[in-house]
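# An overview of the molecular structure
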Amino acid sequence: MTRIETEEQYRWALQRVEELLPFVKDDTPLNDPRSIELDLLSGMVADYSDLHYSIGTPSLIDVIKLRMHEMGLNQSSLARILEISPSRVSEYLSGKKTPTLKQGKKISQTLNIDPAIVLGV
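All values derive from a computational prediction rather than experimental measurement.

### Thoughts on the packing of helix α1 (residues 7–20) against helix α2 (residues 33–52)
A packed helix pair is summarised by two numbers, namely the angle formed by the two axes and the spacing between the axes. Closest axis-to-axis distance for the α1/α2 pair is 9 Å, and the angle between their directions is 140°. Taken together, the axes of α1 and α2 lie oblique to each other. The two elements α1 and α2 meet at a crossing, and its hand is left-handed. In contact with Glu 7, Tyr 10, Trp 12, Ala 13, Leu 14, Arg 16, Val 17 and Leu 20 of α1, α2 contributes Arg 34, Glu 37, Leu 38, Leu 41, Ser 42, Val 45, Tyr 48 and Ser 49. Of the residues in the contact of α1 with α2, the class split is 10 nonpolar, two polar and four charged.

Below you can see the structure in the form of structure tokens.
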């Protein structure tokens, strides 16, 4: 199988995928030429996207800030919710300190953050 090498090829493949989508449904036979083409192009587009447009894993600091924004919290209100001092929240958000395992669990549960992000894995 070949792969997408250039941005021009990538854009063409994206356009072709969009053209094929209306014709390939869940009940379309796997041996249908459009289904085969869509499957091949989708894989190549995904591979190119992963290689050139990967977002990466968000940092704990970024996710906490996002949750604070979503929940309408400032550092003081977050400190109250987590039952820690505002200065400790500030240290976490500046990257000067990392949460303990116990505090990481509370952050994960309270802010609904994936434990893997909290643990940095």
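### Topic: unusual backbone geometry
Backbone geometry places Glu 83, a non-glycine residue, at a positive phi of 60°. Its place among the elements puts Glu 83 in the loop between α4 (75–82) and α5 (86–94). Of the residues examined, Glu 83 reaches a relative accessible area of 65% and is grouped as exposed. Here the phi dihedral of Asn 112 falls at roughly 55°; this positive angle occurs in a residue that is not glycine. Mapped onto the elements of the fold, Asn 112 is located in the loop between α6 (101–111) and α7 (115–119).

The rules behind these values
- Residues numbered from 1 in each chain as written.
- Predicted model: local features only at pLDDT ≥ 70, side-chain atom pairs only at ≥ 80, totals over all residues.
- Heavy atoms only, no water.
- Axes fitted to C-alpha atoms, helices over the stretch in contact; angles between N-to-C directions.
- Helix = DSSP H or I, 4+ residues; strand = E, 2+ residues; numbered from the N terminus.
- Parallel < 35°, antiparallel > 145°, perpendicular 65-115°, else oblique.
- Left-handed = near helix turned anticlockwise from the far one by under 90°.
- Contact = heavy atoms within 4.5 Å.
- Nonpolar A, V, L, I, M, F, W, Y, C, P; charged D, E, K, R; others polar.
- Buried < 20%, exposed > 50% of the residue type's maximum accessible area, 1.4 Å probe, protein only.

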